[in-house]
Amino acid sequence: MINDASQAGASVVDQTTTARTTDHNGATIMQTQPDRSQFALQPSPRANNGLRFLLAAADLQAQAFKAMMRCQIETHSFLKHRCDQNVRLADDLVAGNEFNDAFDVLSTFFQNATSDYAIEAGRVASIGSKLASETGRRVQKGAETTVEDLAASTVG
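As the structure is a computational prediction, the values presented were derived from the model and not from experiment.

S.K.: Could you give an account of the overall build of the protein, naming the residues involved and the relevant values?
M.R.: Summing up its helical and strand segments, the protein has two helices and four strands in all. Along the chain direction, N to C, the helices and strands of the protein fall in the order β-β-β-β-α-α. For the protein, buried positions account for 11% of its 156 residues. Within the protein, contacts between residues separated by at least 24 positions form 54% of all contacts whose residues are at least 6 apart in sequence. Looking at the protein as shown, the accessible area adds up to about 12000 Å², and 59% of this sits on carbon and sulfur atoms.

S.K.: I'd like to hear about the pattern of salt bridges, residue by residue, with values.
M.R.: Counted by the stated rule, this structure contains six salt bridges. We note a salt bridge from Arg 82 to Asp 116, for which the minimum N-O separation is 2.6 Å. With a gap of 34 residues between them, Arg 82 in helix 1 (residues 45–95) and Asp 116 in helix 2 (residues 99–155) connect regions that are remote in the sequence. Taken as a pair, Arg 82 and Asp 116 share a single burial class, namely buried. Note that Arg 138 is salt-bridged to Glu 134, the shortest N-O span being 4.0 Å. Taken together, the residues span about one helical turn, with Arg 138 and Glu 134 both in helix 2 at a distance of four residues. Accessibility expressed as a relative area gives 35% for Arg 138, which makes it partly exposed. A single salt-bridge network, built from bridges that share partners, covers Asp 59, Glu 134 and Arg 138.

S.K.: Now, about the layout of surface pockets: what can you tell me, with residues and values included?
M.R.: By volume, the largest pocket is sized at about 430 Å³. In terms of lining, the largest pocket is formed by 15 residues, of which the most central are Arg 52, Ala 56, Arg 138, Gly 142 and Ala 143. Secondary structure elements with two or more residues in the lining of the largest pocket: helix 1 and helix 2. In terms of residue count, the dominant contributor to the lining of the largest pocket is helix 1 (eight residues). Considered class by class, the residues forming the lining of the largest pocket number seven nonpolar, four polar and four charged.

S.K.: Outline the packing of aromatic side chains, listing residues and values.
M.R.: For the structure shown, the criterion picks out two aromatic pairs. Measuring from centroid to centroid gives 4.9 Å for Phe 78 and Tyr 117, while their planes differ by 75°, and the two rings are edge-to-face. Pair noted here: Phe 78 is in helix 1 and Tyr 117 is in helix 2, with a separation of 39 residues, a long-range link. Phe 78 gets classed as buried once you look at its relative accessible area, which sits at 10%. With a relative accessible area of 48%, Tyr 117 lands in the partly exposed category. Aromatic pair Phe 109 and Phe 110: ring centres 5.4 Å apart, planes at 70°, arrangement edge-to-face.

S.K.: Mind laying out the side chain of Gln 63, listing which residues take part and the relevant values?
M.R.: Considering the arrangement of structural elements, one finds Gln 63 in helix 1. Classification of Gln 63 by relative accessible area gives buried; the value is 3%. Setting aside chain neighbours within four positions, we find Gln 63 in contact with Leu 131, Glu 134 and Arg 138.

Parameters and conventions
- Residues numbered from 1 in each chain as written.
- Predicted model: local features only at pLDDT ≥ 70, side-chain atom pairs only at ≥ 80, totals over all residues.
- Heavy atoms only, no water.
- Helix = DSSP H or I, 4+ residues; strand = E, 2+ residues; numbered from the N terminus.
- Buried < 20%, exposed > 50% of the residue type's maximum accessible area, 1.4 Å probe, protein only.
- Contact = heavy atoms within 4.5 Å.
- Areas by Shrake-Rupley, 256 points an atom, 1.4 Å probe, with all protein chains shown as cover.
- Salt bridge = Lys/Arg side-chain N within 4 Å of Asp/Glu carboxyl O.
- 1 Å grid on protein atoms, 1.4 Å probe; cavity = no way out; pocket = protein on both sides within 12 Å on 5 of 7 lines; lining within 4 Å.
- Points joined across faces, edges and corners; volume = space filled by probe spheres on them.
- Nonpolar A, V, L, I, M, F, W, Y, C, P; charged D, E, K, R; others polar.
- Phe/Tyr/Trp six-rings, centres within 6.5 Å; stacked < 30°, edge-to-face > 60°.

What follows is the structure, given as structure tokens:
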């Protein structure tokens with residue numbers, strides 16, 4: 001168990017204030033009380049680094065969540081488009097009177113579907129690439145800030 005506040009990563013400033021009050025008879029009473037505004041905990045450099053680490057971890061989680069949501073939005077948009085194309089395929093097949101018409105409709109459908117899936121794979125890869133580069137920049141910035149703070153704390 002840690003009894004000393006400085007060992008816990010903080011320092012406490014201990015000062016007292018003198019207050020004048022009067023009792024019910026009107027006599028002045030001098031009271032010495034601790035100045036509670038001076039009991040502020042001052043975080044140590046180690047605590048600051050820990051806080052920065054926690055904030056960086058939370059930032060990375062937020063970025064991962066945003067990327068996941070972007071992928072979900074893209075996937076739902078793509079699936080809506082493909083479902084619309086499936087409905088259109090059914091309409092085109094019913095509208096055709098001959099076998100050659102149905103064959104053309106199906107071959108066009110499959111050609112468009114293949115193209116759509118290839119384009120969508122490119123979009124998902126682009127989202128992943130943007131996420132990776134953005135995460136790399138954030139991690140690098142956090143590391144640089146931490147190194148600068150460590151250097152400043154050792155000098156001062």
